[in-house]
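Residues per chain, in single letters:
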Amino acid sequence: MITTAVIPAAGMGTRMLPATKAVPKELLPIVEKPALQLIVDEAVGAGVDHLVIVTSRSKPAIEQYFASDASVEQSLERQGRGSVADQLRRYGSDIRVSFAYQDRPLGLGHAIGCARAAVGEQPFFVMLPDELMSDSSLLAGLARVVADTNIGAVALKRMPRAELSRYGIVSPVGDERTVGGLAALPFVGVVEKPSVDDAPSDLAIIGRYALTPDIFDDLDALTPGSTGELQLTDALAAQATREPLWGVISDVGRIDIGNPLGWLQAVVDAAVDHPEHGVAFRHWLSARTDARD
Ligand code: UTP
């Protein structure tokens, strides 16, 4: 059972400027919930009770979101939204929230390394908060693979050739098989954002990982990679030289909300299924679309 999730949230969010000049990307709303809340819901759904948020002191709003605030909870109660108030009350009670600081965005590998003391010597999840997944099943599956094998596992998705250069792409070293009830394959190398011709496969790492704590030594030993940043993919490649890691091939619903188009898609997706506003929104949207055509 993995109960700790590291959520790196210290980046600059430059693709979402100017919104991210004042509001951290991770708190941009998907309808009325901040994106980070959806990540936390996914984590809690997979059994997590300790969140380690890697943040920067220049983004105090992230800590504020997790601080208890009786007046906010009372407002929610008055609006008949007691279940949301209850959800917020869990932070600091049955869900522990720790903060680790990365004061300069030196890269994702560096950000995860900053969480070392808070995680300790146990397997842990890494969840990139700018990727929304449709449910907790992928995370739960990654945890099963680690429990069965004692080896780290990353989530993979097959991507069209034209998109490979946007991701970390793995080099498989064996055939697909069933591990922990999921389609998985062992891999050794990882190439960060390769050109289409250099990509070792069509299997891209998506933003969910279940890692073993020995990765922290590989993170500490990182030197800047091709992009000048300390890359998590380089640490995974170093760890995989000792023993191949597992890649779990997933077809979970996924939206990358770190760019304007993806964020719009996530908002519309949540709006059409919204329990309170979905019906009215769908009517409005179809009338709006008809008027455009
Ligand atoms: P991204 O590269 O997508 O986020 O990192 P970014 O750098 O904030 O976005 P752009 O490219 O400037 O628009 C994925 C996640 O890792 C975190 C980010 O906050 C984001 O949630 N991250 C990235 C860190 O915490 N530290 C880093 O040094 C880099």
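Below: a short report on this structure.

Analysis parameters
- Residues numbered from 1 in each chain as written.
- Predicted model: local features only at pLDDT ≥ 70, side-chain atom pairs only at ≥ 80, totals over all residues.
- Heavy atoms only, no water.
- Helix = DSSP H or I, 4+ residues; strand = E, 2+ residues; numbered from the N terminus.
- Rg over C-alpha atoms; globule rule 2.2 N^0.38 Å.
- Contact = heavy atoms within 4.5 Å.
- Areas by Shrake-Rupley, 256 points an atom, 1.4 Å probe, with all protein chains shown as cover.
- Lys, Arg positive; Asp, Glu negative; His and termini not counted.
- Charge placed at Lys NZ, Arg CZ, Asp CG, Glu CD.
- Near = heavy atom within 4 Å.
- Polar contact = N/O pair within 3.5 Å; in protein donor to acceptor, adjacent residues only side chain to side chain.
- Pairing = 2+ DSSP bridges.

## Let's talk about the overall build of the protein chain
Looking only at helices and strands, the protein chain features 12 helices and 14 strands. The C-alpha atoms of the protein chain give a radius of gyration of 19 Å, which matches the 19 Å a tight globule of 293 residues would have. Dimensions of the protein chain, computed from the C-alpha atoms along their principal axes, are close to 55 × 50 × 40 Å. In the protein chain, the proportion of contacts linking residues at least 24 apart, taken out of those at least 6 apart, comes to 76%. When the accessible surface of the protein chain is split by element, carbon and sulfur atoms take 53% of a total near 14,000 Å². Separation between the mean location of the 26 positive side-chain charges and that of the 38 negative ones in the protein chain comes to 4 Å.

## Re the site of the ligand
In the vicinity of the ligand there are 18 residues, among which G13, T14, Q102, G107 and D130 approach most closely. Within the backbone of P8, a nitrogen or oxygen atom sits 3.0 Å from an oxygen atom of the ligand. Within the side chain of D130, an N or O atom sits 2.7 Å from an oxygen atom of the ligand. Taking 560 Å² as the accessible area of the ligand by itself, protein coverage stands at 83%.

## Considerations on the pairing of strand 11 (residues 182-192)
As judged from the 5 bridges shared by strand 9 (residues 168-172) and strand 11, these two strands associate in the antiparallel manner. Bridging from a neighbouring strand, P172 pairs with F187 of strand 11. Taken together, the 3 bridges between strand 10 (residues 177-179) and strand 11 define a ladder with antiparallel strand orientation. Opposite T178, over in strand 11, you have A183 as the bridge partner. Between strand 10 and strand 11, which follow one another and run antiparallel, lie 2 residues, and G180 among them has a positive phi close to 55°. Where strand 11 and strand 13 (residues 245-249) come together, 4 bridges link them in antiparallel fashion. The residue of strand 13 that forms the bridge with F187 is L245.

Limitation: the analysis is restricted to geometry and does not speak to function.
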